[in-house]
Amino acid sequence: MDKPTARIICFFLLGICLMNVDAHADLFPPQPLVQMPGSNTQFSVNIDEEPSLITWINYSNDIYSLYVQQIFPEPALPTLIKSSANQICCPNLTGSPWNYTPTLKLVWSEYDSLGWSLNYRGYSDDAWDETIRIVEGAQNPIKSSAGYSGISWINDGSLYYMRLIESFMDSTWQSPTLIDSGGCNNPVMFEDYNYYLELAYEKQSGDSKLIRKCAWSYALGEFTFETISTAELNRNPRRGPERSLSFETYYDSTWRASYSDTWYYFDFNITSNQILNFYHPVYLSIPQPTLFQRETFLYNLLVFECDSLEDGLEIMALMNIPYEGATELINISNLAGDDRNPVISESYYGDSLEIAILWEHVIAGGREIWWARDRFAAPTGSADNEAILPTFALSDNFPNPFNAGTIIKYELNENQYIGLNIWNVNGQLVASQPIAYQSAGTHVFEWNPVSLSSGVYFYSLYNSQTSMTRKCLLVK
């Protein structure tokens with residue numbers, strides 16, 4: 001893989017922050033999501049999964065409580081996972097309770113008489129499994145990242161990974177693997193399947209703090225490492241939807257946002273802000289093919305925490321809509337006080353895409369979790385709050401990435417004529433299931449691309465009214 005290059009995306013920051021955005025001023029109206037008494041903080045979302053779930057820590061009356069709650073398709077009541085007078089922190093969530101395998105995975109750190117521990121709890125068969133303690137006796141809170149097939153974490157500056165071997169009958173944890181010793185922090189897993197692992201993390205090297213990527217090479221039987229940052233000071237790597245990666249870069253006395261156009265090639269852009277700092281950036285980039293692949297439209301959204309021109313911190317969104325020829329910066333939170341730690345979540349809704357931006361809002365005596373969401377119709381990118389409700393649901397293929405074959409599963413709510421097409425990134429049709437009358441229920445399409453090369457492919461399920469498209473990666 002080529003070394004990432006840095007490109008400068010120029011815009012006049014001060015003027016944009018003060019401008020009146022006419023075309024998209026009504027997008028992403030903010031509203032409260034979690035308003036429990038006390039402080040609601042350190043939330044995590046199961047990105048790229050349906051239903052969308054959030055986990056967070058509530059601290060009230062000297063009690064720490066860990067919750068999980070469904071937020072899409074519709075918000076549900078929160079589920080209490082753990083409550084204790086001992087400190088709980090650093091929760092992380094991945095997977096989906098709708099998947100047959102892998103299931104929902106939740107990890108968090110907790111303090112007791114032995115020190116800090118790392119704990120895991122899975123969800124399967126409509127119930128939460130018993131808590132498993134992965135690490136105990138640590139001196140500091142353990143930052144971790146959960147993936148489909150395992151967990152990575154930092155203990156005393158060293159990076160570890162432990163794989164979970166799942167089957168329909170049982171699950172077995174392998175012994176922890178030491179990946180990198182010393183100077184490591186903030187792990188982020190963005191690819192984790194039974195035969196493919198890729199994660200990013202901070203690495204202190206002398207006076208420099210770098211963003212390093214490591215991948216498990218099955219050909220070599222070892223981990224390979226690559227520095228993907230270009231400046232001397234970088235921090236807070238974060239995974240966004242569609243497996244994108246972003247982080248903070250300190251350049252010319254300003255914290256800027258570095259973000260990848262594509263998660264597979266990791267070609268990074270760096271924002272050109274010089275007046276205000278961009279913190280905790282998260283990026284969304286979605287190639288959205290039309291039904292017949294005549295052209296591909298790209299919708300880009302960079303969300304970050306930013307210094308205010310007045311007091312406090314605000315959540316801002318840089319919207320780059322190429323087919324409208326516009327790049328705009330919008331104040332998403334637009335609230336008095338500090339707003340921190342934004343996250344982007346996405347959910348497909350027929351031929352539309354629901355995008356939600358979540359963040360922490362500081363109030364007197366505590367914190368709340370707010371969100372702003374809107375629906376976009378592909379490929380125009382305009383708000384579409386009256387999109388056609390789908391009569392089918394398309395799941396992520398499994399496994400993904402894959403090197404031999406993969407299974408595409410979809411659900412039909414009613415009897416209908418349905419078809420499935422698969423294209424490469426050049427818009428060439430490489431496989432299809434011709435449109436045919438199918439009964440309501442679960443259907444499976446098994447794709448075995450024997451003669452195709454490695455790369456990104458798109459598969460689209462469609463009927464006479466709408467379509468739904470997903471992305472997959474073939475690795476040979």
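Keep in mind that what you see is a predicted model, and the values were worked out from it rather than measured.

Topic: the environment of N277
Positionally, N277 belongs in the loop between β24 (268–271) and β25 (278–289). For the pair N277 and R256, spaced 21 residues apart in sequence, the C-alpha to C-alpha distance is 6.3 Å. When sequence neighbours within four positions are dropped, the list of residues in contact with N277 reads T254, W255, E305, C306 and D307. Reaching out from N277, the side chain makes a polar contact with the side chain of Y279 at a distance of 3.0 Å.

Some remarks on unusual backbone geometry
Cis geometry is adopted by the peptide bond preceding P399, which originates at F398 and carries an omega value of -5°. Within the secondary structure, P399 sits in the loop between β32 (392–394) and β33 (406–412). Look at the link from N400 to P401: it is a cis peptide, with omega at 5°. With respect to the helices and strands, P401 occurs in the loop between β32 and β33. Residue N61 is not a glycine yet carries a positive backbone phi of 55°. Within the element layout of this structure, N61 appears in the loop between β4 (52–60) and β5 (63–72). Judged by its relative accessible area of 72%, N61 falls in the exposed class.

Notes on the sheet that holds β33
Hydrogen bonding along the main chain pairs the strands of a sheet, whether they run parallel or antiparallel. Taken in spatial order, the three strands make up an open sheet running β32-β33-β36, and their pairing is antiparallel. The sheet terminates laterally at β32 and β36 (441–447), the two strands that pair on one side only. Neighbour-to-neighbour, the strand axes of this sheet turn through a mean angle of 20°, independent of strand direction. Pairing of β32 with β33 involves three bridges; the strand directions are antiparallel. Directly across from L394, in β33, lies its bridge partner Y410.

Thoughts on the sheet that holds strand β38 (residues 467–474)
Overall, antiparallel pairing links the four strands, which are arranged β35-β34-β37-β38 in an open sheet. The open sheet is flanked by β35 (429–438) and β38, the only strands paired with a single partner. Sheet twist, expressed as the average angle between the axes of neighbouring strands with direction ignored, equals 15°.

What to know about a negative patch on the surface
Residues D125, D126, D129 and E130 make up a contiguous surface patch of negative charge. Within the element layout of this structure, D126 appears in the loop between β9 (115–124) and β10 (127–128).

So, a nonpolar patch on the surface
Taken together, Y417, I435 and Y437 make up a surface patch of nonpolar side chains, about 360 Å² in accessible area. Note that Y437 resides in strand β35.

A look at the packing of aromatic side chains
According to the stated counting rule, one finds 14 aromatic pairs in the structure shown. Within the aromatic cluster, the residues linked to one another by ring pairs are F402, W447 and Y457. Against the face of W255 rests R235, its NZ or CZ located 3.8 Å from the ring centre.

Thoughts on the nonpolar core
Counting residues in each nonpolar core, the largest one holds 38 residues, and the members touching the most others are F28, L301, I332 and I422. Of the residues forming this core, the biggest block, four residues, is contributed by strand β30 (residues 352–363). Excluding residues that lie within four positions of it along the chain, I422 makes contacts with I408, Q428, L429, V430, A431, F445, W447, Y457, F458 and Y459.

Looking at the pattern of salt bridges
For the structure shown, the criterion picks out 14 salt bridges. Between E248 and R235 there is a salt bridge, with the nearest N and O atoms lying 2.6 Å from each other. Taken together, the positions of E248 in strand β22 (residues 245–251) and R235 in strand β21 (residues 234–239) put the pair 13 residues apart, joining distant regions of the chain. Residue E248 is classed as buried on the basis of its relative accessible area of 0%. The closest approach of N and O atoms between R470 and D396, which form a salt bridge, is 3.6 Å. Of this pair, R470 sits in strand β38 while D396 sits in the loop between β32 and β33, and the two are 74 residues apart along the sequence. Residue R470 is classed as buried on the basis of its relative accessible area of 9%. For D396, a relative accessible area of 32% corresponds to the partly exposed category. When salt bridges with common partners are traced through the structure, they connect D112, R133 and E136 into a single cluster.

Definitions and limits used
Residues numbered from 1 in each chain as written. Predicted model: local features only at pLDDT ≥ 70, side-chain atom pairs only at ≥ 80, totals over all residues. Heavy atoms only, no water. Helix = DSSP H or I, 4+ residues; strand = E, 2+ residues; numbered from the N terminus. Contact = heavy atoms within 4.5 Å. Polar contact = N/O pair within 3.5 Å; in protein donor to acceptor, adjacent residues only side chain to side chain. Buried < 20%, exposed > 50% of the residue type's maximum accessible area, 1.4 Å probe, protein only. Pairing = 2+ DSSP bridges. Axes fitted to C-alpha atoms, helices over the stretch in contact; angles between N-to-C directions. Patch = residues over 30% accessible without salt bridge, like charges linked within 9 Å, V, L, I, M, F, W, Y side chains within 5 Å. Areas by Shrake-Rupley, 256 points an atom, 1.4 Å probe, with all protein chains shown as cover. Salt bridge = Lys/Arg side-chain N within 4 Å of Asp/Glu carboxyl O. Lys, Arg positive; Asp, Glu negative; His and termini not counted. Charge placed at Lys NZ, Arg CZ, Asp CG, Glu CD. Phe/Tyr/Trp six-rings, centres within 6.5 Å; stacked < 30°, edge-to-face > 60°. Lys NZ or Arg CZ within 6 Å of the ring centre and 35° of its normal. Core = buried A, V, L, I, M, F, W, Y, C linked by side-chain atoms within 4.5 Å.

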